[in-house]
Amino acid sequence: MGVRENLEDVRTKIAAAEHEAERAKDAVTLVAVSKTHEADMIREAIAAGQRVFGENRVQEAQRKFPELKQETPDLELRLIGPLQSNKAEDAVKLFDVIESVDREKIARALAREMAKQGRAPRLYIQVNTGNEPQKAGIDPRETGAFLTLCRDELGLEIEGLMCIPPAGENPGPHFALLADLASENSVAKLSMGMSGDYEIAVAFGATSVRVGSAIFGARDYAA
Ligand SMILES: *Cc1c(COP(=O)(O)O)cnc(C)c1O
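Residues numbered from 1 in each chain as written. Predicted model: local features only at pLDDT ≥ 70, side-chain atom pairs only at ≥ 80, totals over all residues. Heavy atoms only, no water.

Participant: What am I meant to see in the nonpolar core here?
Facilitator: A general feature of soluble globular proteins is that nonpolar side chains tend to end up buried together. By size, the foremost hydrophobic cluster in this structure holds 63 residues, and its most contacted members are Phe-53, Leu-110 and Val-209. If you tally residues by element for this core, the top one is helix α5 (residues 104-117), at six residues. Setting aside residues no more than four positions away along its own chain, Leu-110 makes contact with Leu-83, Ala-88, Val-92, Ile-98, Val-101 and Leu-123. Judged by nonpolar contacts, the second largest core, of five residues, contains Val-33, Ile-80, Tyr-124 and Met-162. (Core = buried A, V, L, I, M, F, W, Y, C linked by side-chain atoms within 4.5 Å. Buried < 20%, exposed > 50% of the residue type's maximum accessible area, 1.4 Å probe, protein only. Helix = DSSP H or I, 4+ residues; strand = E, 2+ residues; numbered from the N terminus. Contact = heavy atoms within 4.5 Å.)

Participant: Explain the site of the ligand here, please?
Facilitator: Around the ligand, the structure places Val-33, Lys-35, Ile-80, Ile-164, Met-194, Ser-195, Arg-210, Val-211, Gly-212, Ser-213 and Arg-219. Here an oxygen atom of the ligand and a side-chain polar atom of Ser-195 are 2.5 Å apart. Within the contact set of the ligand, an oxygen atom lies 2.8 Å away from a backbone nitrogen or oxygen of Ser-213. When isolated, the ligand has an accessible area of 390 Å², and the protein chains bury 89% of it. Taken together, the residues that form the shell around the ligand break down as five nonpolar, three polar and three charged. (Near = heavy atom within 4 Å. Polar contact = N/O pair within 3.5 Å; in protein donor to acceptor, adjacent residues only side chain to side chain. Areas by Shrake-Rupley, 256 points an atom, 1.4 Å probe, with all protein chains shown as cover. Nonpolar A, V, L, I, M, F, W, Y, C, P; charged D, E, K, R; others polar.)

Participant: What is the right way to read the packing of helix α2 (residues 39-47) against helix α3 (residues 58-71) from this model?
Facilitator: The description of two packed helices rests on the angle between their axes and on the distance between the axes. Orientation of α2 relative to α3, taken along the N-to-C sense of each, is 30 degrees, at an axis distance of 11 Å. Judged by the inter-axis angle, α2 sits roughly parallel to α3. In this structure, the crossing between α2 and α3 has a hand that is right-handed. Residues Ala-39, Ile-42, Arg-43 and Ile-46 of α2 form the contact with α3, whose own contacting residues are Lys-64, Phe-65, Glu-67, Leu-68 and Glu-71. Residue composition of the contact of α2 with α3, by class: five nonpolar, no polar and four charged. (Axes fitted to C-alpha atoms, helices over the stretch in contact; angles between N-to-C directions. Parallel < 35°, antiparallel > 145°, perpendicular 65-115°, else oblique. Left-handed = near helix turned anticlockwise from the far one by under 90°.)

Participant: Would you explain the pairing of strand β6 (residues 158-162) in this entry?
Facilitator: Along a regular strand, successive side chains alternate from one face of the sheet to the other. The buried fraction of β6 amounts to five of the five residues, a majority that puts the element mostly inside the structure. Read from strand β5 (residues 122-126) through helix α6 (residues 143-153) to β6, the crossover connection turns out right-handed. The sheet contact formed by β6 and strand β7 (residues 189-191) spans three bridges and is parallel. From the neighbouring strand, Met-162 faces β7, where its bridge partner is Ser-191. Following the chain from β6 across helix α7 (residues 172-184) to the adjacent parallel β7, one finds a crossover that is right-handed. (Right-handed = clockwise from strand over helix to strand, strands pointing away. Pairing = 2+ DSSP bridges.)

Participant: Explain α5 here, please?
Facilitator: Because the α-helix completes a turn every 3.6 residues, residues three or four places apart line up on one side. With 14 residues, α5 should cover 20 Å at 1.5 Å per step; its first-to-last C-alpha distance of 20 Å lies within 8% of that length. Those residues of α5 that sit buried are Ile-106, Ala-107, Ala-109, Leu-110, Ala-111, Glu-113 and Met-114. Residues of α5 that are buried sit in contact with α4 (88-94), β4 (97-101), β5 and α6. Directly beyond the C-terminal end of α5, a positive phi value near 65 degrees is found at Gly-118. (Expected span 1.5 Å × (residues − 1).)

Participant: How should the side chain of Thr-72 be read in this particular structure?
Facilitator: Within the fold, Thr-72 resides in the loop between α3 and β3 (76-79). Judged by its relative accessible area of 9%, Thr-72 is buried. Ignoring any residue separated from it by four or fewer positions in sequence, one finds Thr-72 in contact with Ile-46 and Arg-51.

See below:
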């Protein structure tokens, strides 16, 4: 199946999951994760009506997206991978949404760059719901304190929370935890769910799902 057919299939499944969960039609934004795939593949998705894309590396996105954004001005680009503070300037310049805010140093660097550039990407805080040592994201117990720092001290508006559940675990409890943290802290949006579990995420209240391989096929990291 090609990108167009895959996209249609994913959209149909999201719509069914929205209906099943008694959520509004189009309550969920599909973020097409295009990392490792070249611009021509991304153009196929754009031709099929897709407008929101996710990339996990600043440099890779810088190589592919300026031209794509010029061709398709209403395209929205989201950073879903870890951000180093020395890349904050580039990230603020290129991305419309940054989903991986997960420590004070990054929050401060982003606040500084946003003021300097007069550009304000929408921001999500990544939460390490499984408390995995190797994984990015704040400790779930620190969500309230980190939000206070971002909002009150740095003046950052936080649009949502994001998580990546541990591989091989039932994702449901992680999605439920993220939804609880959002509601306790008055955060509006939830970025959760990938190719293997986006329908479950929709049932738990995801407002966006990040789907890569189910749209673009398997990734070739050796390339
Ligand atoms: C790669 C990636 C995805 C998409 O993964 P698939 O399993 O291919 O859908 C989603 N979120 C993040 C943070 C990613 O890095």
